[in-house]
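Examination of the molecular architecture
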Amino acid sequence: MKIKIRDSMIFILILMVFLSGCGAIIDPQKNSHTNEITSTKPNSGIQIQDGLSSTQMATSPKLEETPIPTATETPEPRYELMVLRGYGGREFFLTYDPDLWYVDDSSGRNILELIGDTNCRIYFQWGHGMDPARHDLETWHETIGQTDFEIVRWFDIATRKTIVYKFISADDNSIDLSVENPRANPLSDYCIEQAREVISLSEMRGFEP
C-alpha cells in the first residue's frame, strides 16, 4: 500500500514538472507575439529630420513685401502772356501754354501760332472780307467763364469745313479774336479746341497779366 502511494506521488511530481515546462515554452511565444504587435504601432510623434529643430520646422517662410507704388505728381503746366494792343491803345493779354503755342511777331503784330500747325493762328481785331459765293457763317452766344461771347463760325459752303472761328465779347466788342490763317485753309478740331482753351485761360485772368 505504501508503494502505491509513493508511486502516485512520483507520477504527480513528474506531471507537474512536465506541465511547468510546457508553460515556460508557451510564454515566450506570447511575449514575442505581444512585442511584435506593439512594434507595429505607428509613431504618434512628429518626425524631425537631422539638423532641424521643431521650431525650424514649424516656422513658415517669410513672404517678400511688395512695395506700394506712390502716386507721382503731375507738374502744373506753365503759362506765359502775350500782349495785344487794341484800338485806342488798350492792352489785352492772352494766357497760353508755351509747350503748345509760340508768338509770331514777324509782321510787327503778336500772333499766336499752334506749334506744328501753321494753319492755326490766333489774331486780334483782324478784319477782312469773305466771298459770299463760297463762304457762309453761323453765330451763337456762349458764356466762357464770366464773359458772354458771340461765336462766329465761317465755313466753306462746298465742304462745310471751318475756315474762321471768332470770339467777340458781346458787351462792347472790345475783345475780337479770330482763329484762321492767310490761305483760308480749313481749321482742325484740335486747333479750335486749343484756341478755346487759350480764351478760357485768358478770361479767367480778365485778359489781364
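Preceding block: the structure.
For the structure given in this document, a descriptive report is provided here. The structure displayed is predicted, hence computed values, not measured ones.

Thoughts on the pattern of salt bridges
- Evaluated as defined, the whole model comprises 7 salt bridges.
- Via salt bridges that share partners, Arg78, Glu80 and Asp99 belong to a single interconnected network.

Side note on the packing of aromatic side chains
- This structure, assessed with the given rule, holds 5 aromatic pairs.
- Look at phenylalanine 92 and phenylalanine 124: their rings are 5.3 Å apart centre to centre, the planes differ by 55°, and that puts the pair in the tilted class. With phenylalanine 92 in strand β2 (residues 91-96) and phenylalanine 124 in strand β5 (residues 121-124), the pair connects residues that are 32 residues apart, well separated along the chain. Comparing phenylalanine 92 with phenylalanine 124, the two get one shared label, buried.
- Members of the aromatic cluster, connected to one another through ring pairs, are Trp140, Phe149, Tyr165 and Phe167.

Considering the nonpolar core
- Formed by 26 residues in total, the largest nonpolar core has its most connected members in Leu94, Trp101, Ile122, Leu177 and Val179.
- Those elements that place two or more of their residues in this core are β1 (80-85), β2, β4 (111-114), β5, β7 (147-156), β8 (162-169), β9 (176-180) and α3 (189-204).
- In terms of residue count, the dominant contributor to this core is α3 (5 residues).
- Apart from the residues lying within four places of it in its own chain, the contact partners of valine 179 are Cys120, Arg121, Ile122, Ile163, Val164, Tyr165, Phe167, Leu187, Cys191 and Ala195.

Structural notes on the state of the cysteines
- Following the criterion strictly, the structure yields 1 disulfide and no others.
- The disulfide partner of cysteine 120 is cysteine 191, and the S-S distance across this bridge is 2.1 Å. Torsion about the S-S bond of the cysteine 120 and cysteine 191 cystine: about 85°, corresponding to right-handed handedness. One end of the pair, cysteine 120, is in the loop between β4 and β5; the other, cysteine 191, is in helix α3, and 71 residues separate them in sequence.
- For cysteine 191, a relative accessible area of 0% gives the class buried.

Here is what the cut-offs are and how they apply
- Residues numbered from 1 in each chain as written.
- Predicted model: local features only at pLDDT ≥ 70, side-chain atom pairs only at ≥ 80, totals over all residues.
- Heavy atoms only, no water.
- Salt bridge = Lys/Arg side-chain N within 4 Å of Asp/Glu carboxyl O.
- Phe/Tyr/Trp six-rings, centres within 6.5 Å; stacked < 30°, edge-to-face > 60°.
- Helix = DSSP H or I, 4+ residues; strand = E, 2+ residues; numbered from the N terminus.
- Buried < 20%, exposed > 50% of the residue type's maximum accessible area, 1.4 Å probe, protein only.
- Core = buried A, V, L, I, M, F, W, Y, C linked by side-chain atoms within 4.5 Å.
- Contact = heavy atoms within 4.5 Å.
- Disulfide = S-S within 2.5 Å.

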